[in-house]
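Analysis of the macromolecular model
One-letter residues, chain by chain:
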Amino acid sequence: MISWPAPFIPEVPGTGHPPQLFDTSTGAVRAVNPGPTARMYVCGITPYDATHLGHAATYVTFDVLQRALRDAGHDVVYVQNITDVDDPLLERAHRDGVDWQDLAADEIALFREDMTALGVIPPDHYVGVVESIDAVAEAVRDLLASGAAYPVDTPESEAGHDLYLDVSREPGFGSVSNWSREQMMAVFADRGGDPDRAGKRDPLDPLLWRAARDGEPSWAVEGLPAGRPGWHIECTAIALDRLGMAFDVQGGGSDLIFPHHEMSATQGVLLTGERPFARTYAHQAMVGLDGAKMSKSKGNLVLVSKLRADGVDPMAIRLALLDQHYRTEWSWTPDLLTTAQDRLDSWRAALSVNAGPPVDEVVARLRSCVADDLDTPGALRAVDRWAQECQRRGGSDAGSPGVLARTLDALLGVRV
Ligand code: ZN
């Protein structure tokens with residue numbers, strides 16, 4: 001699938017520090033430590049509604065990680081999926097009386113526009129489920145052949161059965177989230193699971209392949225009932241296809257820790273006999289509005305496209321997101337946008353002069369902040385201090401504002 005236009009990334013003198021990142025699986029901040037080419041997979045959208053600020057926070061966070069990896073001298077291969085066939089999309093299309101493919105195409109187009117406006121580097125592989133049916137089907141067949149998948153009777157389908165994963169086949173199940181069974185059971189139904197489905201070996205076993213029902217899209221593939229992929233196997237198949245096992249970072253919102261990332265990893269291990277699936281699992285904290293998590297199901301969304309349509313500078317949106325640490329939950333308020341716009345104005349004024357205070361220190365500080373578990377708020381404060389100094393006392397370092405402007409662009413994706 002086509003992604004979106006890549007922003008220009010300026011050169012910055014010198015080299016950045018090796019990034020450190022909090023890994024959910026081990027519960028510690030650790031060096032990402034990739035080889036010459038870092039391999040990164042960030043779970044993409046289900047295209048049934050427009051990009052809200054929670055999504056934007058996730059993609060901007062992992063965009064900063066990619067920029068930090070590049071600054072530290074790595075190439076990056078970045079994969080993102082699109083869940084372009086799944087229950088929520090089909091339900092929304094049905095509710096609104098539109099074709100599910102048209103709905104998906106419209107929302108993907110809007111997502112591309114939002115990402116372009118926010119200056120997010122596009123994935124090298126932007127992969128939809130619909131274009132990955134063969135890879136997913138092959139993974140499901142392999143799981144069946146090894147005994148890790150099993151049929152569950154489905155009277156409402158002509159095929160007679162859906163296919164589920166037997167999580168008990170992987171002793172390491174639970175090692176991504178480190179959650180207790182009680183914690184898993186508490187959220188499973190809310191996050192796409194079906195613990196009450198009759199005929200499963202374990203209530204937590206996830207759907208791998210859903211046999212065709214009347215009125216639902218389905219694909220005829222060899223060795224499986226006509227049907228469509230479950231959610232988690234899609235990311236396993238796409239990640240293995242494009243990156244292989246033990247890729248460097250799997251990212252997403254913290255609501256993906258369980259079951260999505262746990263199940264994706266379990267399937268990867270069962271398919272390959274190797275572990276780990278990803279070497280680091282990183283998660284963006286939830287963004288709230290009026291005291292509740294911002295989510296489609298709650299209907300309390302602040303949409304990037306709506307803000308843009310209202311004339312908000314996308315760089316102010318990006319700055320508002322960067323002003324929050326990715327691991328800390330926060331709530332959106334209009335004040336955050338005002339603060340971000342004021343900051344952007346002050347930076348623009350300071351960086352528009354021909355000579356300013358020296359920037360070596362602030363460039364070094366920016367680099368150490370982003371490499372330190374993506375401390376973007378710390379990076380912003382360092383630029384604030386320089387901008388204040390520049391406006392109060394000026395400076396005689398010719399070209400220093402230009403160097404800092406390029407550094408901001410390269411490391412934080414902020415174009416002043
Ligand atoms: Zn995923």
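In this text, all values refer to a predicted model and were calculated from it rather than measured experimentally.

Before going further, it helps to examine the packing of aromatic side chains. A complete count under the given rule lists 10 aromatic pairs for this structure. Taking the centre distance of 5.7 Å and the plane angle of 90° together, the rings of Trp4 and Phe111 count as edge-to-face. You can see Trp4 sitting in the segment before strand 1 (20-23) and its partner Phe111 sitting in helix 3 (residues 100-117), a full 107 residues away along the chain. Comparing Trp4 with Phe111, the two get one shared label, buried. Here Phe188 and Phe258 contribute two aromatic rings whose centre-to-centre distance is 6.3 Å and whose plane-to-plane angle is 50°, an arrangement assigned as tilted. Of the two residues, Phe188 sits in helix 5 (residues 181-188) while Phe258 sits in helix 7 (residues 257-272), which places them 70 residues apart along the sequence. For Phe258, a relative accessible area of 0% gives the class buried. An aromatic cluster of at least three residues, connected via ring pairs, comprises Trp4, Tyr59, Phe111 and Tyr126. Over the face of the ring belonging to Tyr150 we find Arg201, whose NZ or CZ atom lies 4.1 Å from the ring centre.

Let us now look at the coordination of the zinc ion. Coordination of the zinc ion by the protein is provided by Cys43 (SG), Cys235 (SG) and His260 (NE2), with metal-donor distances spanning 2.0 to 2.1 Å. Sequence spacing among the residues donating to the zinc ion works out to C-x191-C-x24-H. Of the two residues, Cys43 sits in the loop between strand 3 (37-42) and helix 1 (53-71) while Cys235 sits in helix 6 (residues 231-242), which places them 192 residues apart along the sequence. For Cys235, a relative accessible area of 0% translates into the label buried.

We now examine the sheet that holds strand 10 (residues 247-253). With parallel pairing, the five strands of this open sheet are ordered in space as 5-4-3-10-11. The open sheet has two edge strands with one neighbour each: strand 5 (125-128) and strand 11 (278-284). Averaged over all neighbouring strand pairs, the angle between strand axes comes to 20°, with direction disregarded. Sheet contacts for helix 6: strand 3, strand 4 (75-82), strand 5 and strand 10; angle to strand 4, the most-contacted strand, approximately 150°.

The subject of this paragraph is the pairing of strand 3. The sheet contact formed by strand 3 and strand 4 spans six bridges and is parallel. Opposite Ala38, over in strand 4, you have Val76 as the bridge partner. Regarding topology, helix 1 serves as the crossover connection from strand 3 to the parallel strand 4, and that connection is right-handed. Summarising the sheet, strand 3 and strand 10 pair through three bridges and their orientation is parallel. When the sheet's bridge partners are listed, Val42 is paired in strand 10 with Gly251.

Backbone-to-backbone hydrogen bonds pair the strands of a sheet. The strands run either parallel or antiparallel. Ordered by their spatial adjacency, four strands build an open sheet running 6-7-8-9, and the pairing between neighbours is antiparallel. At either end of the open sheet lies a strand with only one pairing partner, and these are strand 6 (149-153) and strand 9 (227-229). Here the strands of the sheet are splayed against their neighbours by 25° on average, with no regard to which way each runs.

We now examine the nonpolar core. Formed by 73 residues in total, the largest nonpolar core has its most connected members in Leu53, Ile317, Trp332, Trp347, Trp386, Leu404 and Leu412. It is helix 1 that provides the largest number of residues to this core, a total of 10 residues. Excluding residues that lie within four positions of it along the chain, Leu404 makes contacts with Leu351, Val359, Val362, Val363, Leu366, Val383 and Trp386. Counting residues in each nonpolar core, the second largest holds 25 residues, with Ala149, Leu208, Trp209 and Leu224 among its members.

Below, the discussion takes up helix 12 (residues 376-393). Over its 18 residues, helix 12 extends 26 Å from the first C-alpha to the last, a length consistent with the 26 Å expected when each residue adds 1.5 Å. When we look at burial in helix 12, the residues that qualify are Thr376, Pro377, Gly378, Ala379, Leu380, Ala382, Val383, Asp384, Trp386, Ala387 and Cys390. The inward-facing, buried residues of helix 12 contact helix 1, helix 9 (314-322), helix 10 (334-351), strand 15 (355-356), helix 11 (360-371) and helix 13 (400-412). Looking one or two places after helix 12, you find Gly394, whose phi comes out positive at around 70°.

Here we take up unusual backbone geometry. Glycine aside, residues mostly have negative phi angles, and peptide bonds mostly take the trans form. Of note, the amide linkage connecting Phe258 to Pro259 takes the cis form, showing an omega dihedral of 0°. Omega for the peptide link from Arg275 to Pro276 comes to 0°, which places this bond in the cis form. Relative to the elements of secondary structure, Pro276 occurs in the loop between helix 7 and strand 11. Of note in this structure, Asn178 is not a glycine but carries a positive phi near 60°.

Below, the discussion takes up the state of the cysteines. Per the counting criterion, the structure on display carries zero disulfides. Free cysteine: Cys369, not disulfide-bonded; nearest cysteine sulfur from Cys390 at 20 Å.

Reading the values: rules and limits
- What you see as residue numbers is a count from 1 along each chain, following the sequence as written.
- Per-residue local features of the predicted model are confined to residues with pLDDT of at least 70, and side-chain atom pairs are confined, for both listing and counting, to 80 or more; whole-chain, interface and lining totals are unaffected and use all residues.
- Only hydrogens and water are set aside; all other atoms, that is, all heavy atoms of the structure, feed into the side-chain values.
- Note on aromatic contacts: the rings of Phe and Tyr and the six-membered ring of Trp form a pair at centre separations within 6.5 Å, being stacked when their planes are under 30 degrees apart, edge-to-face when over 60 apart, and tilted otherwise.
- Only DSSP runs of H or I covering at least 4 residues are called helices, and only runs of E covering at least 2 are called strands; the numbering of each starts at the N terminus.
- Exposure classes here rest on a 1.4 Å probe applied to the protein chains alone. A residue is buried below 20% of its type maximum, exposed above 50%, and partly exposed in between.
- By definition, being over a ring means that NZ of Lys or CZ of Arg is both within 6 Å of the ring centre and within 35 degrees of the ring normal.
- Sites may look incomplete because water is not among the atoms; the donors themselves are N, O and S atoms within 2.8 Å of the metal, or within 3.2 Å for Na, K and Ca.
- Should DSSP find at least two bridges between two strands, the strands are regarded as paired.
- Interaxial angle, 0 to 180 degrees, is taken between N-to-C directions of lines fitted to C-alpha atoms, where a helix line uses only the stretch in contact.
- Pairs of residues are marked as contacts when any of their non-hydrogen atoms sit within 4.5 Å.
- Throughout, right-handed denotes a crossover for which the path from the first strand over the helix to the second runs clockwise when the strands point away from the viewer.
- Definition used in this section: a nonpolar core is a set of buried Ala, Val, Leu, Ile, Met, Phe, Trp, Tyr and Cys residues joined via side-chain atoms within 4.5 Å.
- Working rule for helices: expected span equals 1.5 Å times residues minus one.
- Disulfides are defined as pairs of cysteine sulfur atoms found within 2.5 Å of each other.

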